[in-house]
Every structure is written in C-alpha cells, then in structure tokens.
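# Examination of the molecular architecture
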Amino acid sequence: MSKKIIYLDNAATTPLDPKVLTAMMPYLQGEFGNASSLHTLGLNNRVAVDRAQATVASFLGAQKSEVYFTSGATESDNMAIFGPLRALQAKFPGRRWQIIVSSIEHDAILEPAKQLAKEDVEVVFLPVGSDGIVKVEELKKLIKENTILVSIMYINNEIGAIQPIQEIGALIKELNKTRSQKIYFHTDATQALAYVDCNVDKLGIDMLSLSGHKIYGPKGVGALYLRKGTQFQPLIWGGHQQSGVRSGTYNVPGIVGLGKAIEILKDSKKIAQENKKIKDLRDYLIKEIKKIPKVKLNGDAKKRSPNNASFIFEGVEGESVLLMLSDKNIAVSTGSACSSGSLEPSHVLSAMGVSPEKAHGSLRFSLGRFNTKADVTALVKALPTIIKRLRKMSPIK
Ligand SMILES: Cc1ncc(COP(=O)(O)O)c(C=O)c1O
C-alpha cells in the first residue's frame, strides 16, 4: 500500500469532503437524467440543480437567478472579462473601452486580459506594493471615463494576500453614482470562499468567480455570480441552458457537489472553528520555518489567508526543495515556476519587486480542513536538513 501523503498544497486543489462525495453519488448512478428533460429523471435532476443554485446564492447573499454554473473558475473569470465588454462593444461599435486588472491575478484573468490588449481595448495592470496588496488610491487614479471593468482577486493564490475588496467596491459604487457607463466590479474569489465574507452586496461586487475543487468539492465545476442587469454577452452559445448565459448540459453531479461544499461552508460556527485550527497550524508552521536562516515570508504577515504560508529560501531552488519533500511524501508547491512548467519567475513575486534569483527560491505551503499538527511537524522536521543540504550543493550563494 502506498504511504500516506502529507498534503500541504490545498491552494492547488483540496481533497473531496466525504460528505460531498455522498451527496454526489446518486447523480453518478441511478439519477443520471438530463436536468432539461421533462420526465421524472430529468425533473429530479432539475430539482437538485435548483437546490444547489439556491445554496450558492444564499451563501453569496445573491438571488438564485444571478448564479450560473460553469466548468470552474477559469471559465467564470473568462466570462467576467469578456462578457460585459463584448456586450458593450456590440452596443456601441467603435468605442474604445478600458479594463483594469491587478498585476497579481491568476492567469485565468491575466491571459484573457492580454488577449484583449491585442485588440482595440485599453488594458491596465494595477501594480501591488511589496506586501502584495493593491492600493485603492492608485486604482482610483487609473479609472477613466471609458473604464468598464475592474477585476481584482480577493485572495491571491500564491502568497495568500487579502485584497481590499470592500473598499474597492465602495469606491466603484461611489463613482458609478455620476457615470453614464457603469464600471463593473469583478472579484476572483476562488481562494477566498472558505476564509472571508463573500456577501456580494456588502462588498459591492457585480461578478464573482468560484470553483468547486478549492473548497473540498469536485473538479471541473464552478460558478459565476452575475449581478442582475449586468450587460453580458455569452462566451458559449448552444442549447439555451441557464437562460442562454452559459449553454451546455448541466453537470449535475458536479453542481450537486459544489452545492454541498458550499452548504458545509454555510455552517459559520463550524467554519470559524476550522479556520482557527488552520490559522493556528499555519502560525506554528511560520514560527518553525522562520528558525531556518535566510528565510523570508512573502506578503503581509497579517492581511493573508489563514491557510497560506509562502516563503523565499535564499540560495536554493524551490523546485529542488519540492522534489526532496515529495520524496518524503510531503506535497507542497513552488511559486517560482508557472503552471506551464516554464522557468519564468512567478509574476506575483515579480510584481512585488522580488528579484528573479530570489523568486526561484520560493515555496508555498497551503493548509486545509484535513491537516493535523502531525502534518506540520513532519514538514518542519524534514525541511531544515533539506535546505542545509541543498545550500551546500548550490552554486547560488
Ligand atoms: C485564484 C484562482 N483563480 C482561478 C483558478 C482556476 O480555477 P479552476 O481550476 O477552477 O479553473 C485558480 C486555480 O488555481 C485560482 O487559484
């Protein structure tokens, strides 16, 4: 039998909660109908989709009809970037619009934005400070007459920095009072859902992306919250499901799993306890790792997700540490190579002013619901020896 993996990579994906699996099982077996069919099998599935939609909506403080299921946060992010813009381009041909995204967004935002920059769209990348956080005042200065979209992630996936979403929402709400063309405010809340308040009215959000597999739900399912009245052109055209905003046969097992994962998050008392446990483990991890010489925590120590600890270990390659930890069945992630496997330094660390040499020494530890103190102890026991060995071997001093 394979050895137990000590999983400290919950920002990459989370294990499926057994309660989620139980909820999904009927829809992977007997209840296989198409939620658009009018017979009993179809209607049973439709009821399940409706229930999940109501759960997601109530978690976000939204209306049920404002929640659209997608294949994950990448699709939701693409919808947020292209949907309103394409609708406005169709309505006002020839107008040049501006969109603003932060420079530390996930590629699911950055890549669509870069595609638009090749067209007649003004794309602005909002910088961050060395703490990995955007400045609301800087955003305010960049907003112009032709701005139609601001997209700022809630919690960064690499360094866990929490962005001032409520302040940005309030700023945009204020500006919108006197504008002829509304600025839409989108947040990618993929890493945030379990940890911070995601009430869309309180935050002043028009669009919000989320994903099942980051909250102990299944992969390949997510949702976009789209405020009623938002101008929107679909990206996927087809069978008119979900009011035509996102066509395609409903992924019922996935949607049911996402609904269950969010139902679990709705138990605020239990989640507050869980998050305290995660934060305590994270603080223990930080305290122990800081004992290693020449180590620096990336991002603000306080304004960070309770599950994230990201560091730079000077004089080592993050990938080498990762592989040596993997040999000991400890799963972590590096921030230095992007997901395509290229050796480009992390765009997030670069945006924070970290040099490429230093960025290559970064490692991310991300905790979750199922971690224990023994997991962190195993890591902090194994790591100093690995770092010492690699530093001895390394030409980088
Ligand atoms: C902040 C953020 N946005 C978007 C995504 C993409 O999510 P998905 O895997 O559901 O497409 C991820 C996943 O890595 C993420 O961390």
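In this text, all values refer to a predicted model and were calculated from it rather than measured experimentally. (Residues numbered from 1 in each chain as written. Predicted model: local features only at pLDDT ≥ 70, side-chain atom pairs only at ≥ 80, totals over all residues. Heavy atoms only, no water.)

### Regarding empty space enclosed by the protein
Keep this limit in mind: Space inside and on the surface of the protein is sampled on a 1 Å grid over the protein atoms alone, with a cavity defined as a set of points where a 1.4 Å probe fits but cannot get out and a pocket as an open set with protein on both sides within 12 Å along at least 5 of 7 lines; lining residues have an atom within 4 Å of a point. Grid points are joined across faces, edges and corners, and a volume is the space filled by probe spheres set on the points. By the convention adopted, Pro, Cys, Tyr, Trp, Phe, Met, Ile, Leu, Val and Ala count as nonpolar, Lys, Arg, Asp and Glu as charged, and the other residues, Gly among them, as polar.
By the definition in use, this model includes 2 cavities of 30 Å³ or more. In this structure, the largest cavity encloses a volume near 70 Å³. What lines the largest cavity is a set of 13 residues, and nearest its centre among them are N10, Q191, Y195, K214 and N307. Considering only residue class, the lining of the largest cavity consists of 7 nonpolar, 5 polar and 1 charged. When its volume is computed, the second largest cavity comes out at roughly 40 Å³. Every residue along the wall of the second largest cavity is listed here: A11, I155, N156, N157, G160, Q191, S305, N307 and N308. The residue makeup of the lining of the second largest cavity, split by class, is 2 nonpolar, 7 polar and no charged.

### A closer look at the domain arrangement of the protein chain
Note the cut-off: Residue ranges for the domains trace back to a domain assignment, done automatically or taken from a database. Contacts are assigned to residue pairs with any non-hydrogen atoms lying within 4.5 Å of each other. Note on terms: buried area is the combined drop in 1.4 Å-probe accessible area of two parts once they are placed together, counting the loss on both. Basic side-chain nitrogens of Lys or Arg form a salt bridge, by our definition, when they fall within 4 Å of a carboxyl oxygen of Asp or Glu. Strands here are runs of E lasting at least two residues and helices are runs of H or I lasting at least four, both read from the DSSP assignment and numbered beginning at the N terminus.
Under the domain assignment used here, the protein chain contains domain 1 (18-265) and domain 2 (268-393). Relative placement of domain 1 and domain 2: their C-alpha centres are 28 Å apart. Every contact between the two is made by 26 residues of domain 1 and, on the other side, 29 residues of domain 2. The largest contributions to the domain 1 side of the interface with domain 2 come from E158, I159 and Y195, which together make up 33% of the buried area. Here domain 1 is connected to domain 2 by 0 salt bridges. Looking at the side of domain 1 that touches domain 2, the elements that each hand over two or more residues are α1 (18-28), α4 (107-117) and α8 (252-265). Here the side of domain 1 that touches domain 2 is built from residues that sort into 14 nonpolar, 7 polar and 5 charged.

### Here's the deal with unusual backbone geometry
The test is simple: Between buried and exposed lies partly exposed: a residue is buried under 20% and exposed over 50% of the maximum accessible area for its type, with that area taken using a 1.4 Å probe on protein chains only.
At Y216, a position not held by glycine, the phi torsion is positive, near 70 degrees. Topologically, Y216 is positioned in the loop between β7 (207-211) and β8 (222-226). Y216 gets classed as buried once you look at its relative accessible area, which sits at 3%. Phi is positive for H240, close to 65 degrees, though the residue is something other than glycine. Note that H240 resides in the loop between β8 and α8.

### Some words on a nonpolar patch on the surface
Stated precisely, the cut-off is as follows: Patch members must show over 30% relative accessible area and no salt bridge, and they are joined within 9 Å when carrying like charges or within 5 Å when they are nonpolar side chains of Val, Leu, Ile, Met, Phe, Trp or Tyr. Throughout, the Shrake-Rupley method with a 1.4 Å probe supplies accessible areas, and for residues the shown protein chains are the sole cover considered.
Where nonpolar side chains cluster on the molecular surface, the patch consists of L16, L21, M25 and L28 and spans about 310 Å² of accessible area. In this structure, L16 sits in the loop between β1 (6-7) and α1.

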